[in-house]
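Take a look at the letters that make up each chain.
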Amino acid sequence: MNIENKMNDLIKEINYHNEKYYNQDQPEISDYDYDMLMRELISIEEENPELKKIDSPSNRVGGAPLDKFNQIVHKTPMLSLANVFSEEEIRSFDKRVRDLAEKDLEYVVEFKIDGLSVGLTYQNGEFKNGSTRGDGVVGEDITKNLMTVKTIPLKIKEKNELIIRGEVFISKDDFEKVNEQQEDQGLQLFANPRNLAAGSLRQLDSKLTAKRPLDIFAFNLENINDFTIKTHSESLEFLKDQGFKIIENYKVCKNIDEVIDHINYWSENRDKLGFEIDGMVIKVNDIEEREAMGNTAKSPRWATSYKFPAEKKTTKIQDIVVEVGRTGTITPSAILQPVRLAGTTVSRATLHNEDYIKEKDIKINDTVLVQKSGDVIPKVLEVIKEDRTGDEVDFVMPDKCPACSEPTVRLEGEAAVKCINMSCPAQIRRGIIHYVSRDAMNIDGLGESIVTLLLNENLIKDIADLYYLKKEDIVNLERMGEKSADNLLNSLEASKKNDLWRLINGLGIRFIGAKAAKILSDNYKNLDEIIDAKVEDLNDLEEFGDIMSHSVVEFFNEDKNIEVIDKLIEAGVNTESLKDDSDDIAKIFDKMKIVLTGTLPTLKRNDAKELIEKRGGKVTSSVSKSTTFVLAGEEAGSKLTKAEELNVKVVDEDYFNELLELDTKEEVEKKLSK
């Protein structure tokens, strides 16, 4: 592989993990593994500067702010920290800053809390707004959610503007309690405290955030130059005096040897803390020296983060069991002799698939090395073969589904063994949750907890049963009531009119997501034609391959899947491909950039976006000079302010509806110019 291809592969892999970590709060690899990927990319870019891309992840701070939130432009950029991984690299950092300094330096060493970084702004002694870090320049406005965090003071003594940075987290004990509740309710467990904290802060309903035991440590006064504070340690005490919770275990160190001693102590004793840390932060204490050192494009020169390596432990595999997922994938897991790892006791580890077990030659009763990654269940890294005694037992994947006893299949070229019976009880719950989701049938009022409740009460057994629910069946259920029952039944009724692609996606055919479902819907008039399609027919479709085609045919060849589909048809669910009339709609917004912000009186954001895109417009997430107009509703926030600053046209829903009635782009431009 040439060096440019290697670089492109690294960029693709890092961007994938950035999306999982920053925007989906579902990391798949450890921080250490991620840092090693980034370090490899930076090394290649430094050796081959002519190949470096402007959009390289090495130029970015974090994740892009999500469209579902309004945005806040940070008055002070929220930079990330450079990382070091060894004592040698800590001493190299010390040498670099001392070469830049004009006097002897002190350092402050703090815990690197494993949570979500946020910025808080106070004016006239009151909490004004709060946001995520986002890309370091623009973050997501999560003010209402942050107001539910009990350790964030809503009023402080200081009347001057105060901008601080903190880390929202959930303690180990609270995390265990939340996961116990999830398990009791049959809901999916959260991967780690960081995921739970980040996901809680990104709820659109602040009432849900308020139910989570969120906490915060304030760790930096961002506009420190507005105050007569000479050191970082003074600023922490100042924040404490204002009512903020700070990390009490920070240490002021006179030299780098004290820094290293402090880091080594907590590296060995971090399990004693009530919260998760993934490293230690080293900062120059003197504010004047920090200002003189300045920042790079991505991080301050006066601070760095020492990252703990991912913890590994040896234990014994007591058994290997299998579980059936939503799409029928049968996943083996190792039952471990319990071992303390990364702050929690673990007793299971994922084994991924049959090939993974064979490749690593894993057997029952083996002694293995395990590591906790981004998942709830840690991974088996390798077998300690020299510890084998002869009592080890080979594992064989089942040829029948352990939940429904139907034969399992493994398609050529696939690693996964699957159950393709749509009525398999182990798949039903996860399948129903997928069916009602936004990208599938988009049924409001049917969240994960309600689906679980309906299953536990034996009111449904498959996706089709949803359409046979009666009000008297559900009105007295927990968390339901008259209004919720009516809303749920109305949503179910409305979903019967959905386009065919939503139904196809909702069926949960492996390898067939929303995009592939739309391709099928565009090329076939109805579901019957898709059911009758042969592999060679499907292979002719653009972007369809042999694996996808076989998956579709295999799915519809299963009698029990057809039984469920027949029930859906009998309930009145649409199976026809609806005509897309977007080609017939005048492109009155052709090439216009339009920003949506706030809550509109009648239109949902997705509906407004669809109206714009069908007319040739592009919905963008931020306001700039090139924005054509801003469609604003209640609580429009910072986007409205930005539009006013740039003199960008702002319209309400009534005005927008008047634009929709126009016939040409020229008429729209004329109306907007008035």
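Quick summary incoming for the structure in this document. All figures in this text were calculated on a predicted structure; none of them were measured in a lab.

1. Thoughts on the overall build of the protein chain
Item 1. For the protein chain, the helix and strand inventory stands at 25 helices and 22 strands.
Item 2. For a compact globule of 674 residues, the expected C-alpha radius of gyration is about 26 Å, and the protein chain comes in at 28 Å, within 12% of that figure.
Item 3. Each of the three principal axes of the protein chain carries a C-alpha extent, and together these read 85 × 80 × 60 Å.
Item 4. Taking all 674 residues of the protein chain together, the buried fraction comes to 51%.
Item 5. For the protein chain, the share of sequence-separated contacts (at least 6 apart) that also reach a separation of at least 24 residues comes to 68%.
Item 6. Per element, the accessible surface of the protein chain, about 33,200 Å² overall, is 46% carbon and sulfur.
Item 7. With 94 positive and 128 negative side-chain charges, the protein chain shows a spacing of 3 Å between the two charge centroids.

2. Here we look at the sheet that holds strand β20 (residues 618–620)
Either a parallel or an antiparallel arrangement is found when strands of a sheet pair, and the pairing is made through backbone hydrogen bonds.
Item 1. If you walk across this open sheet you meet the four strands as β20-β19-β21-β22, and the pairing is parallel. Two strands lie at the open edges of the sheet, namely β20 and β22 (649–651), each paired on one side alone. The average angle at which neighbouring strand axes cross in this sheet is 35 degrees, direction not considered.
Item 2. In this structure, strand β19 (residues 593–597) lies alongside strand β21 (residues 629–632), joined through four bridges in parallel fashion. Directly across from I594, in β21, lies its bridge partner F629.
Item 3. Sitting on the sheet, helix α22 (residues 605–614) is in contact with β19, β20 and β21, with an inclination near 170 degrees to β19.
Item 4. On the sheet, helix α23 (residues 638–645) packs against β19, β21 and β22 and is oriented at approximately 140 degrees with respect to β19.

3. Focus on unusual backbone geometry
Item 1. One non-glycine residue, N124, lies in the positive phi region at around 55 degrees.
Item 2. Mapped onto the fold, N124 is located in the loop between β4 (116–123) and β5 (126–132).
Item 3. Residue classification places N124 among the exposed positions, given a relative accessible area of 60%.
Item 4. One non-glycine residue, N442, lies in positive phi territory at about 55 degrees.
Item 5. Within the secondary structure, N442 is located in the loop between α12 (425–435) and α13 (448–456).

4. Examining the environment of G325
Item 1. Tracing the chain through its elements places G325 in the loop between β12 (312–324) and β13 (329–341).
Item 2. On the basis of relative accessible area, G325 is assigned to the buried category, the value being 17%.
Item 3. Placed 93 residues apart in sequence, G325 and K418 show a C-alpha to C-alpha distance of 9.0 Å.
Item 4. Non-local contacts of G325, meaning those with residues more than four positions away in its chain, are made with Q427 and R430.

5. Some remarks on the pattern of salt bridges
Item 1. Counted by the stated rule, this structure contains 33 salt bridges.
Item 2. In this structure, the salt-bridge partner of K95 is D99, at a minimum N-O distance of 3.1 Å. You can see K95 and its partner D99 sitting in helix α3 (residues 87–100), four residues apart, about one turn around the helix. There is no split in this pair, since K95 and D99 are both exposed.
Item 3. For K471, the salt bridge identified is with D486, shortest N-O distance 3.0 Å. Placement of the pair is K471 in helix α14 (residues 471–474) and D486 in helix α15 (residues 482–495), with a sequence separation of 15 residues.
Item 4. We classify K471 as partly exposed; its relative accessible area is 27%.

6. Topic: a negative patch on the surface
Item 1. On the surface, D528, E529, D532 and E576 cluster together into a negatively charged patch.
Item 2. Mapped onto the elements of the fold, D528 is located in helix α18 (residues 527–532).

7. Regarding the sheet that holds β4
Item 1. Taken together, the four strands give an open sheet; going across it, the order is β5-β4-β7-β8, and neighbouring strands pair in antiparallel fashion. Pairing within the sheet leaves two strands with one partner each, and these edge strands are β5 and β8 (215–221). Taken pair by pair, the neighbouring strands of this sheet meet at an average axis angle of 30 degrees, ignoring direction.
Item 2. One ladder, built from six bridges, connects strand β7 (residues 162–169) with β8; its direction is antiparallel. By the bridge assignment, V168 is partnered in β8 with I216.
Item 3. In the packing of helix α6 (residues 193–201) onto the sheet, contacts are made with β4 and β7, and the angle to β4 comes to roughly 45 degrees.
Item 4. Most of the contacts of helix α8 (residues 232–241) go to β8, to which it runs at about 135 degrees, and overall it touches β7 and β8.

Reading guide: rules and limits
- Residues numbered from 1 in each chain as written.
- Predicted model: local features only at pLDDT ≥ 70, side-chain atom pairs only at ≥ 80, totals over all residues.
- Heavy atoms only, no water.
- Helix = DSSP H or I, 4+ residues; strand = E, 2+ residues; numbered from the N terminus.
- Rg over C-alpha atoms; globule rule 2.2 N^0.38 Å.
- Buried < 20%, exposed > 50% of the residue type's maximum accessible area, 1.4 Å probe, protein only.
- Contact = heavy atoms within 4.5 Å.
- Areas by Shrake-Rupley, 256 points an atom, 1.4 Å probe, with all protein chains shown as cover.
- Lys, Arg positive; Asp, Glu negative; His and termini not counted.
- Charge placed at Lys NZ, Arg CZ, Asp CG, Glu CD.
- Pairing = 2+ DSSP bridges.
- Axes fitted to C-alpha atoms, helices over the stretch in contact; angles between N-to-C directions.
- Salt bridge = Lys/Arg side-chain N within 4 Å of Asp/Glu carboxyl O.
- Patch = residues over 30% accessible without salt bridge, like charges linked within 9 Å, V, L, I, M, F, W, Y side chains within 5 Å.

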